[in-house]
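# Summary of the model geometry
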Amino acid sequence: MKQIGLTVASLAISFLAAGPLHAQQLDPLALLKVTPASVPDHNCVICRPAPPLYNPRPDSPYPLALLPLPPANGPPVKNCTFCHGVSAQGLGVVPRLAGQRAAYIEKELGAFRNHSRDNPYSALYMWNAVPNLPPETARALADYFSREAPQAAADGNRALVDQGRALYQAGEPQANIVTCVVCHGPDAQGVGAIPRLAGLSYSYLKRRLEQWNQGYHQTAKPMPQVTRSLSASEIDALASYLSFLDDRAASR
Amino acid sequence: MAGINEFNKALRAGAAFGLGLAGFVGVSEDASALPSFARQTGQNCSTCHTAFPQLTPFGRRFKLGGYTAGGGIDTQFPPISAMFMSEFTHINRGLNGPPGSNYAPAPGGGYNSNNNWLDLSNQVSIFYGGKIWGNLGAFVQATYAQDAGGNGFAWDNTDVRYADTRQIGPFDVLWGLDANNNIGVQDVWNNMPAWGFPFFTTTFGFQGPSAGTLLEGSQGWGPGQVVGAGGYVFINDMVYLELSGYGGTSHDFQWAITGGPASNLLSGVAPYYRVAVEKNWGEHSLEIGAYGINANVITGGNAALPAGTFGWPTDIITDNAFDLQYQWITDVHEVTLRANYILERQQLTSSLLQGISTNNVDYLRSLKIGAEYVYKNTYAFTATYFNVNGTADMTLYSANSNFSPNSEGWIFDIAYLPFSRGGPSIWPWANAKFGLTYTLYTRFNGASSNVDPYATSAIDNNVLCNGGSVTPYCRSASDNNTLLAYAWFMF
């Protein structure tokens with residue numbers, strides 16, 4: 001009997017705790033009739049309202065004033081680094097953000113938000129990381145990470161580096177492989193919204209190049225066409241070569 | 001007549017468990033896939049757990065980062081969650097030995113007090129889990145358990161952290177200060193017994209083998225009977241170093257907050273260390289580590305001594321452990337291999353003086369090796385081998401065969417986690433786990449047969465049992481095999 005009382009009480013507290021968020025973001029009724037935001041549904045009858053653009057609030061005042069804690073400042077980097085690594089050098093399947101082009105980071109955050117970047121790990125992790133990210137915060141984060149000095153993962157197959165370099169710089173016209181260097185730059189540092197590739201991890205680069213051929217993220221022009229004529233061993237060579245490129249300088 | 005009775009029992013057990021399965025109630029002992037964490041980060045439980053409470057590399061970093069990472073919804077309200085657990089326990093053979101044996105009828109509970117127990121509301125917990133402010137975060141659990149220990153709400157696992165990052169030369173350092181109330185709850189690799197497998201054990205009947213190491217809870221120090229504080233650094237997302245100290249809390253405090261003192265007192269400060277290296281590459285993660293504690297214990301001190309007595313000799317318990325964890329995590333498959341080995345040295349000065357032990361020094365070794373496979377974060381299968389062995393002690397293990405602490409066996413677990421990748425749309429942070437655990441003993445308290453040396457028949461003594469379980473009173477290790485069905489729900 002007592003337990004049932006307690007359960008009801010705890011349920012009540014827990015619903016109460018989430019009360020403000022229902023008001024703010026997640027109207028449960030709206031949730032029941034959503035069409036996924038990813039699908040550009042032109043004839044949708046009940047469309048989900050666009051996610052509200054809210055101003056990033058400063059941290060609410062410290063409720064207990066027990067400890068002289070410094071206020072949090074800067075963009076909420078922690079929200080990203082528990083996956084991307086303490087200084088965003090990448091971790092496991094999660095790519096490095098340090099030194100990545102700010103414009104590219106912002107572009108990708110948009111692609112996660114509208115689900116056009118639909119790679120399996122994107123859907124599993126990044127789709128959940130962006131819905132509550134206001135555009136100003138996204139820009140601030142992109143700027144922050146682009147200024148962090150990147151370290152090369154250097155985890156590819158060294159034996160393939162020469163083959164990879166040749167492909168990267170000259171392509172293979174007879175096999176219809178374009179040169180990467182024209183867009184990604186001589187040291188693969190990227191420019192504008194074209195990403196820096198130098199020193200990204202081998203497994204990430206390989207996965208990205210493979211997944212365009214598997215039909216994922218087809219909006220990332222021109223990469224789906226670029227990868228079409230790449231063989232498995234060429235992908236291996238490119239990913240290996242790029243993973244070793246030393247690139248300490250941070251970019252913008 | 002008996003047949004109908006049996007049928008009735010089975011029916012009631014089935015119906016009751018079915019009710020649990022229906023998702024009406026349920027929950028875990030040490031649950032940590034907290035819905036409030038999911039709300040705070042915007043992530044599903046499956047980001048941080050393969051099948052909770054086993055953590056993924058992301059879950060480990062979320063915890064080390066002080067539970068403060070966000071990305072979800074800012075509720076402006078305390079991150080409260082609740083959990084509810086039901087369980088059903090079946091022991092292979094009833095605990096119905098004659099008076100004087102180790103297996104006298106177990107008190108209370110269930111529909112058959114000998115070998116079946118059922119409690120639909122076994123445990124209720126309320127959690128505060130998440131960011132408090134800035135870099136300060138906490139995991140605090142209060143539990144109402146009616147079978148395990150005392151009755152009433154008690155302070156359960158708690159871990160409060162302040163964590164920040166700093167670049168020191170070529171090192172990216174995540175550093176933190178931590179305060180907690182249970183040895184090992186602060187750890188992030190699920191080898192440490194506080195969060196290790198088996199994640200759920202029955203709260204009914206007997207509680208498994210009699211011998212265990214301090215780190216496995218052998219001193220009976222539940223959350224709040226000791227408190228600890230320390231600091232840690234996590235360097236380059238790879239090297240983890242921690243130093244903490246634990247001390248006992250006062251009797252008054254224990255009565256007020258934890259449901260009563262344990263019989264053994266921790267004297268002074270017990271230093272605790274943890275080192276680990278975790279390497280992540282692609283979908284793989286490998287950890288190798290060591291940890292340990294050195295504690296001065298006044299065995300039976302609670303009964304023998306008023307609180308705060310000085311100058312009493314102590315037992316010195318030293319645990320050193322080595323652990324290994326490998327994970328392969330993709331979007332479909334998740335494999336976790338765990339190995340943990342604890343070596344305990346017991347300098348039993350106090351016990352010897354009080355006639356609790358015969359030897360001055362005993363050793364205990366505890367090994368656990370296990371594998372877990374989870375499919376799409378929804379179906380979990382776990383098999384674990386365990387082996388506890390150590391020095392025979394005529395007094396300490398007087399109830400065991402050959403006075404030996406040795407036990408050995410396997411634990412199998414299957415579980416269904418319907419909401420790991422998001423709960424029902426009205427409450428997407430809900431989480432649930434329904435499972436069956438089977439514990440199989442090949443050796444129990446020193447032997448594989450006749451594990452209850454006190455078992456006597458009405459006419460004769462234990463001699464009857466030599467050579468196997470030939471009389472109704474003799475008990476073999478496998479008679480203690482235990483089936484546990486659990487259902488939990490978090491919201």
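Residues numbered from 1 in each chain as written. Chains lettered and ligands numbered in written order. Predicted model: local features only at pLDDT ≥ 70, side-chain atom pairs only at ≥ 80, totals over all residues. Heavy atoms only, no water.

## Observations regarding the overall build of chain B
Per the secondary structure count, chain B includes seven helices and 17 strands. Within the span of chain B, comprising 491 residues, buried residues form 57% of the whole. A separation threshold of at least 6 residues defines the contact pool for chain B, and within that pool the share at least 24 residues apart is 69%. In the structure as shown, chain B presents an accessible area of about 18,000 Å², 63% of it carried by carbon and sulfur atoms. (Helix = DSSP H or I, 4+ residues; strand = E, 2+ residues; numbered from the N terminus. Buried < 20%, exposed > 50% of the residue type's maximum accessible area, 1.4 Å probe, protein only. Contact = heavy atoms within 4.5 Å. Areas by Shrake-Rupley, 256 points an atom, 1.4 Å probe, with all protein chains shown as cover.)

## Let's talk about the environment of proline 134 of chain A
Residues and elements named next belong to chain A. Relative to the assigned elements, proline 134 resides in the loop between α5 (120–129) and α6 (135–147). For proline 134, a relative accessible area of 6% corresponds to the buried category. Along the chain, proline 134 and alanine 102 lie 32 residues apart, while their C-alpha atoms are 16 Å from each other.

## Some thoughts on the nonpolar core
Counting 48 residues, the largest nonpolar core has Phe82 of chain A together with Phe58, Phe62, Phe139, Phe200, Tyr486 and Trp488 of chain B as the members making the most contacts within it. For this core, the secondary-structure elements that each account for two or more residues are α3 (78–84) and α5 of chain A together with α4 (57–64), β1 (80–91), β2 (116–133), β14 (379–390), β15 (407–416) and β17 (482–490) of chain B. With four residues, β17 of chain B is the largest single contributor of residues to this core. Not counting residues within four places of it along the chain, the set of residues in contact with phenylalanine 58 of chain B comprises Phe82, Cys83, Leu91, Val94 and Tyr125 of chain A together with Thr47 and Cys48 of chain B. In this structure, Leu167, Tyr202, Leu230 and Leu245 of chain A belong to the second largest nonpolar core, which totals 24 residues. (Core = buried A, V, L, I, M, F, W, Y, C linked by side-chain atoms within 4.5 Å.)

## Focus on the pattern of salt bridges
Taken as a whole and assessed by the stated rule, the structure comprises 17 salt bridges over all chains. The partner of glutamate 108 of chain A in a salt bridge is arginine 117 of chain A, and the shortest N-O contact between them spans 2.8 Å. With respect to class, glutamate 108 of chain A is no different from arginine 117 of chain A; both count as buried. Of the charged contacts, one joins arginine 208 of chain A and glutamate 108 of chain A as a salt bridge, the two residues approaching to 3.6 Å between their closest N and O atoms. Placement of arginine 208 of chain A in helix α9 (residues 202–213) and of glutamate 108 of chain A in helix α4 (residues 102–113) is noted, with a sequence separation of 100 residues between them. The pair formed by arginine 208 of chain A and glutamate 108 of chain A is uniform in burial state, with each residue classed as buried. Overlapping salt bridges, with partners in common, bring together Arg60, Arg61, Asp237 and Glu278 of chain B in one network. (Salt bridge = Lys/Arg side-chain N within 4 Å of Asp/Glu carboxyl O.)

## Observations regarding unusual backbone geometry
Residue and element names in this part refer to chain A. Of note, the amide linkage connecting lysine 221 to proline 222 takes the cis form, showing an omega dihedral of 0°. Mapped onto the secondary structure, proline 222 falls in the loop between α9 and α10 (223–228). One non-glycine residue, alanine 188, adopts positive backbone phi at about 55°. Tracing the sequence through the fold places alanine 188 in the loop between α8 (181–184) and α9. Using a relative accessible area of 0% as the deciding quantity, one classes alanine 188 as buried.

## Quick word on the packing of aromatic side chains
All names here are of chain B. Counted under the stated rule, the structure contains 26 aromatic pairs over all chains. The interplanar angle of 75° and the centroid separation of 6.1 Å between the aromatic rings of phenylalanine 62 and tyrosine 67 together place this pair among those described as edge-to-face. For the pair phenylalanine 62 and tyrosine 67, a shared accessibility class is recorded, and that class is buried. Centroid distance tyrosine 379 to tyrosine 416: 5.4 Å. Interplanar angle 25°. Geometry classified as stacked. Of this pair, tyrosine 379 sits in strand β14 while tyrosine 416 sits in strand β15, and the two are 37 residues apart along the sequence. Residue classification places tyrosine 416 among the partly exposed positions, given a relative accessible area of 36%. (Phe/Tyr/Trp six-rings, centres within 6.5 Å; stacked < 30°, edge-to-face > 60°.)

## Here we look at the domain arrangement of chain A
Residues and elements named next belong to chain A. Segmenting chain A into domains produces domain 1 (2–38), domain 2 (78–146) and domain 3 (158–244). Once you take the C-alpha centre of each, domain 2 and domain 3 turn out to be 20 Å apart. Together, the buried faces of domain 2 and domain 3 total about 1,600 Å²; carbon and sulfur atoms form 46% of this surface. The three residues of domain 2 that bury the most area against domain 3 are Arg96, Arg101 and Asn119, which together make up 32% of that side's buried surface. One can count one salt bridge joining domain 2 with domain 3. There are eleven residue pairs in polar contact (both at pLDDT 80 or more) connecting domain 2 and domain 3. The set of elements that each furnish at least two residues to the side of domain 2 that touches domain 3 consists of α4 and α5. Here the side of domain 2 that touches domain 3 is built from residues that sort into seven nonpolar, five polar and six charged. (Domains from an automatic or database assignment. Buried area = accessible area lost by both parts, 1.4 Å probe. Polar contact = N/O pair within 3.5 Å; in protein donor to acceptor, adjacent residues only side chain to side chain. Nonpolar A, V, L, I, M, F, W, Y, C, P; charged D, E, K, R; others polar.)

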